Each structure stands twice: as C-alpha cells, then as structure tokens.
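Below are the chains, spelled out letter by letter.
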Amino acid sequence: MTSGLWKLVLDGIWVTVQLLFFSALLAGATSFLAGIARTSRRWIVRFLAGFYTEVFRGTSALIMIFWVYFVLPLAFGWQLVPLWAGTLALGLTYGAYGSEIVRGALNAVDPAQREGGIALSFTPWQRMRLILLPQAVPEMIPPFSNLLVELLKGTALVSVMGMGDLTFSANLVRLALQRSAEVYTYVLLIYFVIAFLLTRLMRGLEKRLKAGIGKEPRRGTAAREPKRAGTTAVSAGAGAATGGGAS
C-alpha cells in the first residue's frame, strides 16, 4: 500500500481507539449506576434501572446507532457528530449488559458481609463502598473484559454513519486496491492485537484488585497465607469508618 493509504488506516485505528475509550467510559458509568440501582430497596429505583436495562439489552446496537444519529435530530432539532452519536449509542447499549454484571456480582457477596456492616452501624452507602464493592469488583473484571472486547468489535458498526473508523477506512482502501483478502486480513489482525492488549490489561487489573483483598497473593508473597476476603473487607471497612470518624 502507498503511504497515503497507510495513513488512512492509521487514522481509522485512532478513531476506533477514541470511540472505544469514550464508549467504555460511558458504559462503565451506566453499568455501575444501573447495577447498583437494581439492588436498591426502593422499587421505583429498581424499576427505572430495570427498564433501562431491558430496553437497551433488547434492541439492536446497529439500530440504536441509526436512531441516535438520524432520529434524534428530527425529534430535538440538533445533530450529534458521528463520534458522539456512536459513543452514546454504544455506551448505553453495552452499559445495559454491564449493569447485569454489576448486579450479579453484588448479589453474590456473602450475606454475612452485609449483616456485619449493619452490625457496625454502617449506612447503606458505607456498606456499598467499604464492604460490597471491594469484594464484588474483582469478580466483575473477567466478564467486563469480555464485554470490552465485544464493545471493540461493536465499534465497527459506526461505519454505517460514514465515520472514518478502522472498518470504514479499510473498506476505502479495499476499493482503491481491489484486494479484499489482503486488506480484510490486515483488519482482522489489527482488531485481534487491540483485543489482546485489552484482555492482558484487564487480567493485570484483576490480579491487582484480588491481591488487594487477600484473594490472590502479590508476586513475592506467595508463601504468605492469604487472608480471608470477607474478614478483610469487614475489617477494612470498620477501620475506614473509624478513621473517618476520628478525623
């Protein structure tokens, strides 16, 4: 390929990375907000979070991109640029899947941990922040890693808006060179490399988080006996609450 065509591909990779980053931020935020809301004691909060989850889980991401990009301007009179339209559609769609990951991980925490927080007179927010989330978040990382890879592959859908992502740029190169096999093989390899780097990054994050609650020893401390995660979480929560009150 010529230098101009290579630049087109590199620009497409950069657009895909930006879209992935912003969509992942939005999906992560909505995952935690909706997931935590679905464990609320208030039925209206659970209903609204469940409604969001079911709507975006039950609709096509491609159609949602069309709706955000083509229908919203008709309804509200303003047009999102393709990057933000794709971010909004993908972030909300994959955030709905992520909310189920958060809800499931929170519900999987030993009920004795909640009871321990109540016994320590923690508020619901303190129990969530100091006891439940530290134990639940490490368990969320593997499914979130899969979801992040799915989000990466979902970014290819924005090419229908004419957005110059990797897929759209590769298609232009294919038309210019008339070499479908070669170009699409390169694209497959590029997506694979990005996905591989993401999974390695998430694997490292999972190990660090688990080591922080005593579920997995850090490097060089394998001989030490790991602490029980539940005891660690309640003890750490009690210490944090006591320290916060003393200060």
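Use the structure listed above.
The present account deals with the structure reproduced in this document. (Residues numbered from 1 in each chain as written. Predicted model: local features only at pLDDT ≥ 70, side-chain atom pairs only at ≥ 80, totals over all residues. Heavy atoms only, no water.)

Turning our attention to the nonpolar core. In this structure, Leu90, Leu106, Met140, Phe144, Leu152, Val158 and Met161 are the most contacted members of the largest nonpolar core, which totals 55 residues. Looking at this core, the elements that each hand over two or more residues are helix H1 (3–37), helix H2 (43–57), helix H3 (61–76), helix H4 (82–107), helix H6 (124–154), helix H7 (166–177) and helix H8 (180–212). Of all the elements, H6 adds the most residues to this core, at 14 residues. For methionine 140, the contacting residues outside a window of four places in its chain are Phe32, Ile101, Val102, Ala105 and Leu133. (Core = buried A, V, L, I, M, F, W, Y, C linked by side-chain atoms within 4.5 Å. Buried < 20%, exposed > 50% of the residue type's maximum accessible area, 1.4 Å probe, protein only. Helix = DSSP H or I, 4+ residues; strand = E, 2+ residues; numbered from the N terminus. Contact = heavy atoms within 4.5 Å.)

All right, on to the side chain of glutamate 100 then. In this fold, glutamate 100 is placed in helix H4. There is a polar contact of 3.0 Å between the side chain of glutamate 100 and the side chain of arginine 103. (Polar contact = N/O pair within 3.5 Å; in protein donor to acceptor, adjacent residues only side chain to side chain.)

One can find threonine 30 in helix H1. There is a polar contact of 2.9 Å between the side chain of threonine 30 and the backbone oxygen of leucine 26. With sequence-adjacent residues up to four places away left out, threonine 30 is seen in contact with Gly35, Tyr52, Gly91, Leu92 and Gly95.

What follows is about helix H5 (residues 111–119). Among all positions in H5, only Gln113, Gly116 and Gly117 are buried. The arc that holds every buried residue of H5, seen down its axis, measures 100°, which confines them to one face. For H5, the exposed residues set more than 90 degrees away from the buried face come down to Pro111, Glu115 and Ala119. One or two positions beyond H5, positive phi appears at serine 121, with a value near 65°. (Arc of directions from axis to C-beta.)

Geometry only, nothing functional implied.
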